[in-house]
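One letter stands for each residue in the lines below.
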Amino acid sequence: MSTTAHTDSAAETTYDVAVVGYGPSGLVLASALGRRGHRVIVVERWKTLYGLPRLNHIDGEVARIIQNVGDIDVALKGAEPADEYVWRNGEDHKLLTVDWSGESSGYAAHYTMYQPDIEDAIDADIKTRDNVDVLQGWKAIDLSQDADGVTLRVRQWDRHDPEQWDHGEDDRVIRAKYIVGADGANSFVRTSLGIERDDLESDDVWLNLDTEKLRDLPERYSTSTQYCDPIRPNMSMPIGATRQRFEVAILPGESQEEAATEEYAWRWFRERHNLGPEDVRILRQIVYIFSARTAVRWRDGRAFLIGDAAHTMPPYMGQGACSGMRDGLTLAWKLDLVLRGHADDAFLDTYETERRPHVAAIQAGSVALGDIANTLDVEVARARDEAFFAGEELDAPAFPILEAGYLAGGEQPHAGTLTPQGEIEKDGRTALFDDIIGNPLNLVTVGDPASVLSAEQFDRLAEVGVAVVSLTPGTPWSVTDVAGTYRDFFASIDAEAYIARPDFVVFGTGSMAEVPDLVEDMLAQLRTDATASASAATEERADTEAVA
Ligand SMILES: O=C(O)CCc1cccc(O)c1
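Cut-offs used in this document
Residue positions within a chain follow its written sequence, with the count starting from 1. Per-residue local features of the predicted model are confined to residues with pLDDT of at least 70, and side-chain atom pairs are confined, for both listing and counting, to 80 or more; whole-chain, interface and lining totals are unaffected and use all residues. Where side-chain values are given, they derive from all heavy atoms of the structure, hydrogens and water being excluded. Only DSSP runs of H or I reaching four residues or more are called helices, and only runs of E reaching two or more are called strands; each is numbered from the N terminus. Atoms counted for the radius of gyration: C-alpha only. Globule rule: 2.2 Å times the number of residues to the power 0.38. Only protein chains enter the calculation, and the probe is 1.4 Å; a residue is then buried if its accessible area is under 20% of its type maximum, exposed if over 50%, and partly exposed in between. Here, two residues are considered to be in contact whenever any of their heavy atoms come within 4.5 Å of each other. Note on areas: Shrake-Rupley, 1.4 Å probe, and residue coverage restricted to the protein chains presented here. Charged residues are defined here as Lys and Arg on the positive side and Asp and Glu on the negative side; His and the ends of the chain fall outside this count. Charge placement uses NZ in Lys and CZ in Arg. For Asp and Glu, CG and CD serve respectively. Domain segmentation is taken from an automatic or database assignment of domains. In short, buried area is how much 1.4 Å probe accessible area vanishes from two parts on joining, totalled over both. Salt bridges, as used here, are contacts in which a Lys or Arg side-chain nitrogen is within 4 Å of a carboxyl oxygen on Asp or Glu. Polar contacts, as used here, are pairs of N or O atoms within 3.5 Å; protein pairs need one atom able to donate a hydrogen and one able to accept it. Residues neighboring in sequence count only if both atoms are side-chain atoms. Any residue that is not Ala, Val, Leu, Ile, Met, Phe, Trp, Tyr, Cys, Pro, Asp, Glu, Lys or Arg is counted as polar, Gly included; the first ten are nonpolar and the last four charged. Nonpolar side chains (Val, Leu, Ile, Met, Phe, Trp, Tyr) are joined into patches within 5 Å and like charges within 9 Å, using only residues with over 30% relative accessible area and no salt bridge. Whenever a helix is involved, its axis is fitted only over the stretch in contact; in every case the axis is a line through C-alpha atoms, and angles between N-to-C directions fall within 0 to 180 degrees. Oblique is the label for any angle not covered by the other classes, which are roughly parallel (under 35 degrees), roughly antiparallel (over 145) and roughly perpendicular (65 to 115). We call a crossing left-handed when the near helix sits turned anticlockwise from the far one by less than a right angle, and right-handed when that turn is clockwise. For the purposes of this section, nonpolar cores are sets of buried Ala, Val, Leu, Ile, Met, Phe, Trp, Tyr and Cys residues that join through side-chain atoms within 4.5 Å. Confidence of the prediction at every residue is given by pLDDT, a number between 0 and 100. The arc in question is formed by the directions pointing from the helix axis toward the C-beta atoms.

Per an unreviewed UniProt entry, the protein chain goes by the name Bifunctional 3-(3-hydroxy-phenyl)propionate/3-hydroxycinnamic acid hydroxylase and belongs to Brevibacterium casei.

(A) Broad picture of the overall build of the protein chain. Each helix and strand in the protein chain was counted, giving 15 helices and 29 strands. Computed over its C-alpha atoms, the radius of gyration of the protein chain comes to 25 Å, within 12% of the 24 Å expected for a compact globule of 548 residues. Projecting the C-alpha coordinates of the protein chain onto the three principal axes gives extents of approximately 75 × 60 × 60 Å. The proportion of buried residues among the 548 residues of the protein chain is 55%. Residue pairs at least 24 apart in sequence account for 73% of intrachain contacts in the protein chain once pairs closer than 6 positions are excluded. For the protein chain, the accessible surface area stands at approximately 23,100 Å², while carbon and sulfur atoms represent 49% of it. Of note, the protein chain has its 50 positive side-chain charges centred 5 Å away from the centre of its 95 negative side-chain charges.

(B) Seen up close, the domain arrangement of the protein chain. In terms of domains, the protein chain is made up of domain 1 (14-77 + 111-198 + 294-349), domain 2 (199-291) and domain 3 (417-526). Contacts between domain 1 and domain 3 engage 16 residues on the former and 19 residues on the latter. Summed over both partners, the interface of domain 1 with domain 3 comes to about 1,500 Å²; 50% of that surface belongs to carbon and sulfur atoms. For the interface between domain 1 and domain 3, the tally reads one salt bridge. Two residues, D434 and R64, come together in a salt bridge whose shortest N-O distance is 2.7 Å. Along the contact surface separating domain 1 from domain 3 lie twelve residue pairs in polar contact (both at pLDDT 80 or more). Class assignment for the residues of the side of domain 1 that touches domain 3 results in six nonpolar, four polar and six charged.

(C) A negative patch on the surface, seen in detail. On the surface, a cluster of negative charge is contributed by D494, E496, E514 and D517. Tracing the sequence through the fold places D517 in helix α14 (residues 515-524). According to the relative accessible area criterion, D517 is exposed, its value standing at 59%.

(D) Spotlight on the packing of helix α8 (residues 320-339) against helix α9 (residues 349-373). It is at 10 Å that the axes of α8 and α9 come closest, and there the two elements cross at 170 degrees. By the angle class used here, α8 and α9 are roughly antiparallel. Mapping the contact onto sequence places S323, R326, D327, T330, L331 and K334 in α8 and T350, Y351, E354, R355, H358, V359 and I362 in α9. Looking at the contact of α8 with α9 residue by residue, the class counts come to four nonpolar, four polar and five charged.

(E) Quick peek at the packing of helix α2 (residues 60-67) against α8. One can describe the packing of α2 onto α8 by two numbers: an axis separation of 10 Å at closest approach and a directional angle of 45 degrees. The angle between α2 and α8 falls in the class oblique. Classified by chirality, the crossing of α8 by α2 is left-handed. Between α2 and α8, the contacting residues are E61, V62 and I65 on the first element and C322, M325, R326 and L329 on the second. Here the residues of the contact of α2 with α8 sort into five nonpolar, no polar and two charged.

(F) Molecular detail of unusual backbone geometry. Here the phi dihedral of E201 falls at roughly 50 degrees; this positive angle occurs in a residue that is not glycine. Mapped onto the elements of the fold, E201 is located in the loop between β14 (197-199) and β15 (204-213). For E201, a relative accessible area of 63% puts it in the exposed group. The residue N274 is not glycine, and still its phi comes out positive at about 50 degrees. Mapped onto the elements, N274 comes out in the loop between α7 (262-273) and β19 (280-290).

(G) Seen up close, the side chain of D481. Tracing the backbone through its elements, the reader meets D481 in strand β27 (residues 480-481). Despite its burial, D481 pairs with no opposite charge; the closest candidate is R487, at 5.6 Å N-O. Among the polar contacts made by the side chain of D481, one reaches the main-chain amide nitrogen of T485 at a distance of 3.0 Å. One polar contact links the side chain of D481 to the main-chain amide nitrogen of R487, over a distance of 2.8 Å. Setting aside anything within four residues of it in sequence, one finds D481 in contact with E423, L471, Y486 and R487.

(H) Up close: the nonpolar core. Ranked by size, the top nonpolar core spans 120 residues in total, and within it I58 and M522 carry the most contacts. It is α8 that provides the largest number of residues to this core, a total of ten residues. When neighbours within four sequence positions are excluded, I58 is seen to be in contact with A63, I66, L76, A109, H110, Y111, M113, I118, C322 and M325.

(I) Inspection of the confidence of the model for the protein chain at higher detail. Scored by pLDDT, the protein chain comes out at a mean of 93, with 92% of its residues at no less than 70. Averaged pLDDT values over the elements of the protein chain bottom out at 47 in helix α15 (residues 528-547) and peak at 99 in strand β22 (residues 303-305). Between residues 1-10, whose pLDDT stays under 50, and residues either more than four places distant or in other chains, the model counts 19 contacts. Note that residues 533-548 has pLDDT below 50 and, in this model, zero contacts with residues that lie over four places away or in other chains. Under the prediction, the complex receives an ipTM of 0.92, its pTM being 0.94.

(J) Up close: helix α12 (residues 455-464). Restricting attention to buried positions, one finds in α12 the residues Q457, F458, L461 and V464. Across the axial projection of α12, the buried residues extend over an arc of 130 degrees, all falling on one side. Turned more than 90 degrees away from the buried face of α12 sit A455, D459, A462 and E463, all of them exposed. Structurally, α12 contributes buried residues whose contacts are with α8, β25 (442-445), β26 (467-470) and α14.

(K) Expanded view of the side chain of N131. Mapping N131 onto the fold places it in the loop between α4 (115-127) and β10 (132-136). A polar side-chain atom of N131 sits 2.9 Å from the main-chain carbonyl oxygen of H38. Residues contacting N131, with those up to four places away along its chain left out, are G34, G37, H38, R39 and V40.

And the structure:
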């Protein structure tokens, strides 16, 4: 990182958080902070949103994230629920079905969708807020930090005008309490901080072809399918209702330049799919190296990394951008608590404690799936197929829950899992839980919380902004559980209360009698500095006593 002293004449403006990068993870973070009233500035070198699909799959949890940062109806307007993700061999025999059916978080468990719809939905929300400034067409060029904040120098950027690199008189200097690098795999923020990346060395080269359907395609194209063909691995997947993604492996020794040509694309479409320009229009053609890299640390003082800046993974689970959006929401609500003075700065360390192992498990699963997809040895592929036909299970970790971080202590079998989202009715309005309650920390109880919590505890909950919700009629916190979602959930976890975090993760569960302890634990863990200095003081006292 630069150690440049900032004696610039350029105007300085102070923000709570500066965000570099305006892709899915940066959009989620900026909107979630903006909605919580913080002064945010976003710096993005491109003048407009990307406008083309990159991610084309989200799960229900991520749909719920989007619900909380933008208009979910706009985001999902071209989306289609996806029930299964099928893996076939070169002879078109089924090896494996990844079950994508069911519901999660108030949505279908999985969707294929058109990324620009999601970005437009969140961008529109951000642009309604006076407290969020978005500098599109500006490139971050220098970053430094001190005890009180970060300083970021930004310069207008136009890739068609390289001359502008030579002059800096119109630079802007931004001061912020925190900075977040949401600036992709080649992150300026990460490299400025000198943060290296670990590399799982999974570097398969694939051509990605996104298309618009000009007429109905055969039924098989409506199922996301990996063709694990050792001669040439390939895949096909809907992008919502009206578009289709095709991917094809570029084999070792083949020319990536040639794969990027239109001739190559049409030859491939004709040979493999018998499709031509009368069937599909190519929207985007790009050669990717599917890497799996992780920054060795995601925090450096007042700077954080999220999304691809922190981690990349091969696409085979469709979880790269989903993980980035989870990062964005998690870091946003943690920063919110710190900026409002309800949590200590050290609480922000739990961002990496929680997100790193979650991402690592998904990354490992994606690499394992990629090994299956990219088997090029015909004999090895045959043995693989036989093993699957004989019923072998996929050797990949289960979808992770949060295992560490801001979770209730003690025997807590459900901490780290996701809460459901059902319809509730309150004051004559019926809607999904988050549309009525919002997404602060929340305590949901079967019984009357006033039967177990003191007035002083209610005051402290209100001060931090914890929402209290009860399924018992006639209390100030009562809601009606319209479809029994919460009744069923409480039955399934054998509990009468839970505390959920703003990212829908269960902090802890318990009986009504255990609610006061759960609340105390939730509030105490926000004060990690105090805990750290208290235990340091205790150790010091013990040392002194031992000496005495
Ligand atoms: O949405 C994404 O992150 C990529 C979409 C995807 C999903 C599954 C397999 C694949 O190769 C791409």
